[in-house]
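# Overview (structure and organization)
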Amino acid sequence: MLQAQASVPVQEAAEPTYSPIVDFWRRLRKNKLAMVSLVFLVTLSLVAIFAPLVAPYDPYFSDMPKALSSPSGEHLLGNDELGRDILSRIIYGARISLRVGLIAVGIALSVGMVVGSIAGYYGGRIDIIIMRFMDIMLAFPSILLAIALMAVLGRGVENAIIAIGIVSIPEFARIVRGSVLSVKENEYVQAARAIGNNDFQIIFKHILPNVMAPIIVRATLGISTAILETSALGFLGLGVAPPFAEWGTMLGSGRGYLFNAPHLVFFPGIAITLTVMAFNLLGDGLRDALDPRLRR
Amino acid sequence: MLKYIVKRLLLLIPVLFGVSLFVFLVLHLFTADPAAMMLGQHATKEQVEALRESLGFNKPLYVQFGIFLSQILQGDFGTSLMTRSAVTDELLTRFPATIELAFAAMLIATVVGVTVGVISAVKQYSLFDYLSMVGALLGVSMPIFWLGLMLIIFFSVTLGWLPVSGRIAVGMEPSTITHFYLIDSLLTGNWEAFKSAVSHLILPAVALASYSMAIIARMTRSTMLEVIRQDYIRTARSKGLVESVVVFKHALRNALIPVITVIGLQMGSLLGGAVLTETVFSWPGIGSFVVNAILAGDFPVVQGGVIMVATVFVVVNLIVDVLYAFLDPRIKYS
């Protein structure tokens, strides 16, 4: 995503200029909350990737005598209703949450970018048709639409990715369309056309790289929404099916033990909250660092 | 103004048509066989075939959609497989519960959100400002169903102050006038029922309000901060006006317009959140009903419920847009 920024030509200026990427990084680094979030997310990703090495126990191993036991030195976050180690399940759960969040946003971003830039670039009837369709999708509360899609697709990680990816498309399409509209009359676009670039080249080589900033920010914040939606689907019993360790599914199955073993729902919720918060803070930080108008 | 409202109302027609078509297509194209889905795994081939016949699923898709459309225009969403009664009736009896919950949440979110936002802006960089912005960050990051569970653990299980679930204590239901328990119990002067209804409403409403509250508090704070730096505020202060008059009469009034937009947008998202909150608190509204319908494969309820919620969502957004245009004369009605 940083390449898009880097491809913006560096302007000759009187004051010393840094390449945009260096400049961006200097600004982002000053934002302590964003940096803490970045470190947290990198660590979480590493933990997720190396889950088999990091997790203290097999997340699927059921130690029935230990069922519902509270956090202890042996099992730091306690055991669930089937005696499985909650910490290990949360570690494996990070794999699912991050994967669904990243891929779903990736799908929504790719489709939204193509659809949104076509609507913004060509305008006219194509624009009206595409945006009316997006309006129809926006007429549903997104979680409800995701629920309805899961109902027809069936449970599973891939289906959750598809459902959440689909419901996030309109938001990206709108943002991309707005951004394309804002720059398509600029001189560099006309110049690109004058030297014989085709529409495809103009959109992808000249327009999109210059409007990436708000899109990157929206994508980062979109990951947090996607993670929240994944967990909501899991909680409702419509998302990733058991025995897979998914944070929302863990919350849903732990719900029955609210009175005698609240730690079953406490820790997965903390994991979701921290991850979502980190993406939110990173998104805010990226917005401040990428948008020169906000520079103080 | 009237022209604008009429234009917006007319635009509702294609959107609602699109919504119905979308739901219809998703449910009919993506499910291999809705009739089989409705009957479950243990149905015989003959049963599936008979149901398909009686529901018209063997007709071409466009004919089916035509029939479906003419039925929903008459308010007929078919029969629920779970309860064997009309989907429309089922949805309408649950509708007031969802609206009551959403309104209570909106009220809490607005009152607390605006108050916190104003204080944070006036006392920028104070401990209060710091803590409330951390709270707002938590509010947008916490899954509301998890917050709901935490509230139950703390206020119901540990402290025993508030009930765990439901809309009112069993047998306490007030005589129905409006189907809104708070209003009905007040109208009939049934204080016990009112108290019970309020105590059942608090936790789900707070859980549902959390996200919107955080958004409203942030928005109020940032617009207030912007307004406070304006010249007319300096003028008001230099005239020697009391600080409270400056804050409430001069600053807040001008800061409220963007806040109202956000409040309106949140109204819609509360409907989505209600699906989750209702499930956590076994609140007998549309959201929990639709979720149960999905889990039970009750196809007509899913179809009707989703279309109904989307319709309410679109209408709410329209009302907000119109109100907004009404409040801010600078907005063009074209």
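The residue count restarts for each chain, going from 1 along the sequence in the order it is written. Think of it this way: whatever chain is written first is A, whatever ligand is written first is 1, and the rest follow in order. Whole-chain, interface and lining totals are the exception, using all residues; otherwise, since this is a predicted model, local features are given only for residues with pLDDT of at least 70 and side-chain atom pairs are given and counted only at 80 or more. No hydrogens and no water enter the side-chain calculation; it runs on all heavy atoms of the structure.

## Brief notes about empty space enclosed by the protein
Grid spacing is 1 Å over the protein atoms alone, the probe is 1.4 Å, and a cavity is where that probe fits but cannot get out, while a pocket is an open set with protein on both sides within 12 Å along at least five of seven lines and lining residues have an atom within 4 Å of a point. Grid points are joined across faces, edges and corners, and a volume is the space filled by probe spheres set on the points. Under the counting rule described, the total for this entry stands at 2 cavities of 30 Å³ or more. Its boundaries defined by the atoms lining it, the largest cavity holds a volume of some 60 Å³. Lining the largest cavity are L145(A), A148(A), L149(A), F22(B), V23(B), V26(B), L27(B) and V306(B). Counting from the N terminus, the helices are the DSSP runs of H or I reaching at least four residues and the strands are the DSSP runs of E reaching at least two. Contributing elements (two or more residues each) for the lining of the largest cavity: α7 (142-153) of chain A together with α1 (2-30) of chain B. Residue contributions to the lining of the largest cavity peak at 4 residues, all from α1(B). Of the residues that constitute the lining of the largest cavity, the class distribution is 8 nonpolar, no polar and no charged. Listed by contribution, the elements that provide at least two residues to the lining of the second largest cavity are α11 (243-280) and α12 (286-296) of chain B. No other element matches the 3 residues that α11(B) contributes to the lining of the second largest cavity. Gly is put with the polar residues, along with every residue not named as nonpolar or charged; the nonpolar set is Ala, Val, Leu, Ile, Met, Phe, Trp, Tyr, Cys and Pro, and the charged set is Asp, Glu, Lys and Arg. Of the residues belonging to the lining of the second largest cavity, the class tally is 5 nonpolar, 2 polar and no charged.

## Description of the UniProt feature "domain: ABC transmembrane type-1" (unreviewed entry) in chain B
Under the UniProt annotation, the feature "domain: ABC transmembrane type-1" (unreviewed entry) is placed at residues 95-324 of chain B. Along residues 95-324 of chain B, the helical share is 81% and the strand share 0%, with 26 Å between the first and last C-alpha atoms. UniProt positions are given in the numbering used here, feature names are shortened, and annotations may be inferred rather than shown by experiment.

## Quick notes on the UniProt feature "transmembrane region" (unreviewed entry) in chain B
Residues and elements named next belong to chain B. In this numbering, the UniProt entry assigns the feature "transmembrane region" (unreviewed entry) to residues 9-30, 101-122, 134-162, 197-217, 255-276 and 305-327. Regarding residues 101-122, the helix share stands at 100% and the strand share at 0%, and the terminal C-alpha atoms are separated by 31 Å. Counted over residues 134-162, helix gives 79% and strand 0%. Its end C-alpha atoms are 26 Å apart.

## So, the packing of aromatic side chains
Side-chain rings of Phe, Tyr and Trp, where Trp is taken by its six-membered ring, are said to pair if the distance between their centres is within 6.5 Å; with planes under 30 degrees apart they count as stacked, over 60 as edge-to-face, and otherwise as tilted. Tallied over the full model, the rule gives 15 aromatic pairs over all chains. Ring centres 5.1 Å apart and planes at 90 degrees place the aromatic pair Y121(A) and Y122(A) in the edge-to-face group. Think of it in three bands: residues with accessible area under 20% of the maximum for their type are buried, residues over 50% are exposed, and the middle band is partly exposed, with areas taken using a 1.4 Å probe on protein chains only. For Y122(A), a relative accessible area of 41% gives the class partly exposed. A ring pair is formed by F65(B) and F68(B), whose centres lie 6.2 Å apart and whose planes are at 40 degrees; its orientation type is tilted. Of this pair, F65(B) and F68(B) both sit in helix α4 (residues 61-73), 3 residues apart, which is roughly one turn of that helix. Given a relative accessible area of 7%, F68(B) falls into the buried group. Charge-over-ring placement is defined geometrically: NZ (Lys) or CZ (Arg) within 6 Å of the ring centre, and within 35 degrees of the ring normal. Against the face of F289(B) rests R94(B), its NZ or CZ located 3.9 Å from the ring centre. In this structure, R167(B) packs its charged tip against the face of Y181(B), placed 3.8 Å from the ring centre.

## Focus: the interface of chain A and chain B
As a measure of interface size, the accessible area lost when the parts come together is often cited. Here, residues are in contact when the closest pair of their heavy atoms is within 4.5 Å. Taken together, the contact between chain A and chain B spans 38 residues of the former and 39 residues of the latter. By buried area we mean how much accessible surface two parts lose on assembly, using a 1.4 Å probe and totalling the loss over both. Carbon and sulfur atoms supply 86% of the area that chain A and chain B bury against each other, a total of about 3500 Å² over both sides. Definition used for salt bridges: Asp or Glu carboxyl oxygen within 4 Å of a side-chain nitrogen of Lys or Arg. If you look at where chain A meets chain B, you find 0 salt bridges. Under the rule applied, a polar contact is a pair of N or O atoms within 3.5 Å (in protein, one hydrogen donor and one hydrogen acceptor; residues adjacent in sequence only if both atoms are side-chain atoms). Scanning the region where chain A abuts chain B turns up 4 residue pairs in polar contact (both at pLDDT 80 or more). Broken down by secondary-structure element, the contributors of at least two residues to the side of chain A that touches chain B are α6 (124-138), α7, α11 (212-235) and α13 (263-290) of chain A.

## Overview of the confidence of the model for chain B
Residues and elements named next belong to chain B. pLDDT gives the predictor's per-residue confidence on a scale running from 0 to 100. On average, chain B scores 85 in pLDDT, and the residues at 70 or more come to 95%. Of all secondary-structure elements in chain B, the lowest mean pLDDT belongs to helix α2 (residues 34-39), at 68, while helix α6 (residues 127-141) reaches the highest, 93. The ipTM, which scores confidence in the relative placement of chains, is 0.84 for this predicted complex, and the corresponding pTM is 0.86.

## Quick notes on the side chain of R27(A)
All names here are of chain A. Among the structural elements, R27 can be located in helix α2 (residues 20-30). Take R27: its relative accessible area is 17%, and that puts it in the buried class. Side-chain polar atoms of R27 contact the side chain of D23, separated by 3.0 Å.

## Quick notes on the UniProt feature "transmembrane region" (unreviewed entry) in chain A
The UniProt feature table records "transmembrane region" (unreviewed entry) at residues 33-55, 102-124, 136-154, 160-176, 215-241 and 261-283 of chain A. Helix makes up 100% of residues 160-176 of chain A and strand 0%. Its end C-alpha atoms lie 24 Å apart.

## Observations concerning the nonpolar core
In a soluble, globular protein the nonpolar side chains are often hidden away together inside. For our purposes a nonpolar core is just a set of buried Ala, Val, Leu, Ile, Met, Phe, Trp, Tyr and Cys residues, chained together by side-chain atoms within 4.5 Å. Of all hydrophobic cores here, the largest spans 182 residues; its most connected members are F140(A), I147(A) and M224(B). The element that contributes the greatest number of residues to this core is α11(B), accounting for 15 residues. Per the annotation, domain bounds derive from an automatic or database assignment of domains. Split by domain, the residues of this core number at least three in each of domain 1 (2-73) and domain 2 (95-327) of chain B. Excluding residues within four positions of it along the chain, M224(B) makes contact with V118(B), A121(B), V247(B), A251(B), L252(B) and A255(B). If you look at the next biggest cluster of nonpolar residues, it comprises 7 residues, including M277(A), L281(A), A136(B) and L137(B).

## Things to note about a nonpolar patch on the surface
All names here are of chain A. Grouping into patches uses exposed residues only, defined as over 30% relative accessible area, and leaves out salt-bridged ones; the cut-off is 9 Å for like charges and 5 Å for nonpolar side chains (Val, Leu, Ile, Met, Phe, Trp, Tyr). Accessible areas in this description were obtained via Shrake-Rupley with a 1.4 Å probe; residue shielding takes into account the shown protein chains only. Residues V42, L46, I49, F50, L53 and V54 make up a contiguous nonpolar surface patch of about 590 Å² in total accessible area. Elements with a contribution of two residues or more to the nonpolar patch: α3 (32-49) and α4 (51-54). Counting residues per element, the nonpolar patch draws most heavily on α3, which supplies 3 residues. You can see V42 is positioned in helix α3.

## Concerning the packing of helix α9 (residues 187-194) of chain A against helix α10 (residues 199-207) of chain A
All names here are of chain A. Viewed as axis vectors pointing N to C, α9 and α10 meet at an angle of 140 degrees, and their least axial separation amounts to 10 Å. Our classification of the angle between α9 and α10 gives oblique. The hand of the α9/α10 crossing is right-handed. Along the contact surface, α9 presents Y188, V189, A192 and R193, while α10 presents I202, H206 and I207. Residue classes in the contact of α9 with α10 are distributed as 5 nonpolar, 1 polar and 1 charged. Helix axes are fitted only over the stretch in contact, all axes being lines through C-alpha atoms; the angle between N-to-C directions runs from 0 to 180 degrees. The labels follow the angle: roughly parallel below 35 degrees, roughly antiparallel above 145, roughly perpendicular from 65 to 115, and oblique for the rest. Crossings are sorted by hand: turned counterclockwise from the far helix by less than a right angle, the near helix makes the crossing left-handed, and turned clockwise it makes it right-handed.

## Looking at unusual backbone geometry
Among all residues save glycine, negative phi is the norm, and among peptide bonds the norm is trans. For R84(B), which is not a glycine, the phi torsion comes out positive at approximately 60 degrees. Along the chain, the position of R84(B) falls in the loop between α4 and α5 (87-122).

## Structural notes on the pattern of salt bridges
Residue and element names in this part refer to chain A. In this structure the tally under the stated criterion is 17 salt bridges over all chains. Residue R99 is joined to E158 by a salt bridge in which the shortest nitrogen-to-oxygen separation is 3.3 Å. Of this pair, R99 sits in helix α5 (residues 86-122) while E158 is found in helix α8 (residues 157-183), placing the two residues 59 residues apart along the sequence. Given a relative accessible area of 37%, R99 falls into the partly exposed group. Among the ionic pairs, R287 bridges to D288, the shortest N-O distance being 3.7 Å. Residue classification places D288 among the partly exposed positions, given a relative accessible area of 36%.

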